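Single-letter residue listing:
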Amino acid sequence: MLSSGALRKWSFVHKWTSLICTIFILMLCLTGLPLIFEHEIEELLTDGIPHTTAASGLPMANMDDVVAAAKAQAPGKAIMFIGDITDDGFWYVNMADTVAGAGTSVTPTVDYYTAKVLDPAAQRSAFMAFMLQLHTDMYAGLPGKLFLGLMALLLLVAIVSGVVLYAPFMRRLRFGDIRRNRATRLKWLDLHNLLGIVTIVWVVTVGATGMINTWAELIVSAWRTDQMAEMVAPYAGQPPVTQPGSLEQAVRAAQTLEPNMQLGFVAFPGSVMSSPHHYAVFMRGTEPLTSRTLKPVLVDAQTLQVTDNRPLPWYMTALLLSQPLHFGDYGGMPMKILWAALDIITIILLGSGLYLWLARRRNPSAPEDQPTESNP
C-alpha cells in the first residue's frame, strides 16, 4: 500500500502531466475523429474518384505508361514516389519540383488498368487536408511533430500515474459505481475514473502509436544511415542517375524476386526513400496485417538488375504497423466505428478532467474525497 507521501507525489505527477498535455491531446482527438473515416469522408466530399476495377478483366497497365501519364499531367515536375499502400484502387504519383521533394508538390492519380490520369480535381479536400496537417504537426513541421510526440509521452505518464492513484480508491467503491446522490463534482470524478479505466488499453495503444508516428522522419533517417547506407555502399563515388531506365522492368525484377508479395510503392532515384542510383521497389504482403509491412528491393536504375534486398529493421516495422493501428485502419468499418466510439469517450474523459481541475480551483476548501479528486 502506498504511503500518503507517495500518493501526494503520484498525484502531483498525474495532475501536471495531465494539465500540460490535455489541450493538445484533446485537439488530436477532435482532429483524429474525422481522420478515422478519411476515405469515406473524401468519397462523400469529392463524389469519389471513378476508376477501373479488377472486374473489368483488363491487365495492369505498364508502369512506364503510368509515369508518362503523370508527367504529362504535371510537366516540369519530378516523380518521387508511385504507389497505393491504402488499396484505393489507383496509383498515387507524388511529384515535386525536384526528386528530393523541393518546391510545390502535386499528386496526380492514375488508373491501375488504363494508365489514364483520373479527375485532377478529386484530390484530398481542403477540410481533410487541414485536419490531417493539424493532427500531424500543427503546421510546424518536424518541431511540431516532436512536440506532439512529447505530449503523447506525457499522456502515457498521466495514464500510469492515474492507475496508481485509482488502485487505493477501488477498495472504497465497487467497479463502475457513480455516486449520483453526491455533489456534481464527485459524480464527474467517478465518471472520469471509470472512463479512464475502461479506455486505458485503447488510449495507451493510440498514444504510443501516435508518439512513434511523430518520430517517422527520424526513424527513416536512421534507416537511411544504417541499412540503406550498407545496401548502396558499392555505389559510393559514382555520379547520380539522371535518366533512370524502365520502371516497368524494375518492378518486374522485384516481383520476380518476391513472387508472393505485391507492389506497395516505388521510390525514384534521388528521393528520400532511395539512393541516387536505384529504384527502391517496396514490396508488401497480401494479407490485412502483412499488407502494411514492406520489404525494399533495390534495383539499379540503369542496368535494371536487383542489387540488394533485405527485411526492414524492427524500428521501421514498428513505424509501419503503428500508422494504420493509430487510426483503426486494420479491421474495416467495424474497427473504425469502435475507434470512433473510444475517441469520443476519450474526449469526454479529457473534458471531465479539465472540469474537475477548474472546479477544484474554484473551491479549494472542498474536502478531498480520494487521491485523484483534484486531477484532470
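Residues numbered from 1 in each chain as written. Predicted model: local features only at pLDDT ≥ 70, side-chain atom pairs only at ≥ 80, totals over all residues. Heavy atoms only, no water.

Colleague: What is the right way to read the overall build of the protein from this model?
Modeller: Scanning the protein for helices and strands turns up 11 helices and 7 strands. Each of the 376 residues in the protein was classed as buried or not, and the buried ones make up 47%. For the protein, the exposed surface amounts to about 18,200 Å²; the carbon and sulfur share of it is 64%. (Helix = DSSP H or I, 4+ residues; strand = E, 2+ residues; numbered from the N terminus. Buried < 20%, exposed > 50% of the residue type's maximum accessible area, 1.4 Å probe, protein only. Areas by Shrake-Rupley, 256 points an atom, 1.4 Å probe, with all protein chains shown as cover.)

Colleague: How should the packing of aromatic side chains be read in this particular structure?
Modeller: By the definition in use, this model includes 12 aromatic pairs. Consider the rings of Trp314 and Tyr315, whose centres lie 5.7 Å apart with planes at 85°: the pair is edge-to-face. An aromatic cluster is defined as three or more aromatic residues linked by ring pairs; in this entry it consists of Phe81, Trp223, Phe265 and Phe282. (Phe/Tyr/Trp six-rings, centres within 6.5 Å; stacked < 30°, edge-to-face > 60°.)

Colleague: Hey, could you run me through the packing of helix 1 (residues 4-36) against helix 11 (residues 332-362) in this one?
Modeller: When two helices pack together, their arrangement is given by the angle between the helix axes and the distance between those axes. Look at helix 1 against helix 11: their axes get within 9 Å of each other, and the N-to-C directions meet at 150°. Between helix 1 and helix 11, the crossing angle belongs to the class labelled roughly antiparallel. You can see that helix 1 and helix 11 cross each other, and the crossing is left-handed. In contact with Lys15, Leu19, Thr22, Ile23, Ile25, Leu26, Cys29, Leu30, Leu33 and Ile36 of helix 1, helix 11 contributes Lys336, Trp339, Ala340, Asp343, Ile344, Thr346, Ile347, Leu350, Leu354 and Trp357. Split into classes, the residues belonging to the contact of helix 1 with helix 11 amount to 15 nonpolar, 2 polar and 3 charged. (Axes fitted to C-alpha atoms, helices over the stretch in contact; angles between N-to-C directions. Parallel < 35°, antiparallel > 145°, perpendicular 65-115°, else oblique. Left-handed = near helix turned anticlockwise from the far one by under 90°. Contact = heavy atoms within 4.5 Å. Nonpolar A, V, L, I, M, F, W, Y, C, P; charged D, E, K, R; others polar.)

Colleague: Can you walk me through the environment of Thr303 in this structure?
Modeller: Structurally, Thr303 is set in the loop between strand 6 (294-300) and strand 7 (306-309). For the pair Thr303 and Pro244, spaced 59 residues apart in sequence, the C-alpha to C-alpha distance is 9.3 Å.

Colleague: So what exactly am I meant to see when it comes to a nonpolar patch on the surface here?
Modeller: Taken together, Leu2, Trp10 and Val160 make up a surface patch of nonpolar side chains, about 240 Å² in accessible area. Summarising the element assignment, Leu2 is placed in the segment before helix 1. For Leu2, a relative accessible area of 36% corresponds to the partly exposed category. (Patch = residues over 30% accessible without salt bridge, like charges linked within 9 Å, V, L, I, M, F, W, Y side chains within 5 Å. Salt bridge = Lys/Arg side-chain N within 4 Å of Asp/Glu carboxyl O.)

Colleague: Even after reading the chapter, I still don't get the nonpolar core, so can you show me in this structure?
Modeller: Within soluble globular proteins, side chains that are nonpolar generally end up buried alongside one another. If you look at the biggest cluster of nonpolar residues, it comprises 31 residues, and the most contacted ones within it are Ile82, Leu247 and Tyr279. Broken down by secondary-structure element, the contributors of at least two residues to this core are helix 3 (63-73), strand 1 (78-83), strand 2 (90-96), helix 9 (247-257), strand 4 (262-267), strand 5 (278-284) and strand 6. Among the elements that take part in this core, helix 3 stands out by supplying 5 residues, more than any other. In this structure, Leu247 is in contact with Met63, Asp64, Val67, Ile82, Val266, Phe268 and Tyr279, ignoring residues within four places of it in sequence. (Core = buried A, V, L, I, M, F, W, Y, C linked by side-chain atoms within 4.5 Å.)

Colleague: What is the right way to read the confidence of the model for the protein from this model?
Modeller: For the protein, per-residue confidence averages 86 on the pLDDT scale, and residues scoring 70 or more make up 89% of the total. Helix 2 (residues 38-46) is the least confidently modelled element of the protein, averaging 75 in pLDDT, while helix 9 averages 97, the highest of any element. (pLDDT = per-residue confidence, 0-100.)

Colleague: How should the environment of Gly57 be read in this particular structure?
Modeller: Mapping Gly57 onto the fold places it in the loop between helix 2 and helix 3. Between the C-alpha atoms of Gly57 and Tyr113, which are 56 residues apart in sequence, the distance is 9.1 Å.

Colleague: Please explain the side chain of Glu248 as it appears in this structure.
Modeller: Relative to the helices and strands, Glu248 resides in helix 9. One polar contact links the side chain of Glu248 to the main-chain amide nitrogen of Met63, over a distance of 2.7 Å. Of note is the side chain of Glu248, whose polar atom sits 2.9 Å from the side chain of Arg252. Not counting residues within four places of it along the chain, the set of residues in contact with Glu248 comprises Ala61, Asn62, Met63 and Asp64. (Polar contact = N/O pair within 3.5 Å; in protein donor to acceptor, adjacent residues only side chain to side chain.)

Colleague: How do you make sense of the packing of helix 3 against helix 9 when you look at a structure like this?
Modeller: Contact pair helix 3 / helix 9: the axes reach a minimum separation of 6 Å and the direction vectors enclose 140°. Taken together, the axes of helix 3 and helix 9 lie oblique to each other. Facing Met63, Asp64 and Val67 of helix 3, the residues of helix 9 in contact are Leu247, Glu248 and Val251. Here the contact of helix 3 with helix 9 is built from residues that sort into 4 nonpolar, no polar and 2 charged.

Colleague: Help me understand the sheet that holds strand 6 in this model?
Modeller: Hydrogen bonds between backbone groups are what pair the strands of a sheet, and the pairing can be parallel or antiparallel. Strand order across the open sheet formed by 7 strands is 3-2-1-4-5-6-7, with antiparallel pairing between neighbours. In this open sheet, the two strands that pair with only one neighbour each are strand 3 (109-111) and strand 7. Strand-to-strand twist in this sheet, taken as the mean axis angle between neighbours without regard to direction, amounts to 25°. Set on the sheet, helix 8 (residues 216-231) makes contact with strand 5, strand 6 and strand 7; between it and strand 6 the angle comes to about 45°. (Pairing = 2+ DSSP bridges.)

Colleague: Before we go on, may I ask you to explain the pairing of strand 4 in this structure?
Modeller: Strand residues, when the strand is regular, have side chains that alternate between the two faces of the sheet. Among the 6 residues of strand 4, 5 are classified as buried, and the element is accordingly described as predominantly covered. Relative to strand 5, strand 4 runs antiparallel, the two sharing 5 bridges. The partner of Phe265 across the bridge, within strand 5, is Phe282.

Colleague: What should I look at first to understand the pattern of salt bridges in this one?
Modeller: Pairing between side chains of opposite charge can happen when their charged atoms approach one another. Applying the stated criterion across every chain, the model contains 7 salt bridges. Salt-bridge contacts for Asp97 lead to Lys77; the nearest nitrogen and oxygen are separated by 2.5 Å. One end of the pair, Asp97, is in the loop between strand 2 and strand 3; the other, Lys77, is in the loop between helix 3 and strand 1, with 20 residues separating them in the sequence. Owing to a relative accessible area of 40%, Asp97 belongs among the partly exposed residues under this scheme. Taken together, the shared-partner salt bridges connect Glu230, Asp308 and Arg310 into one network.

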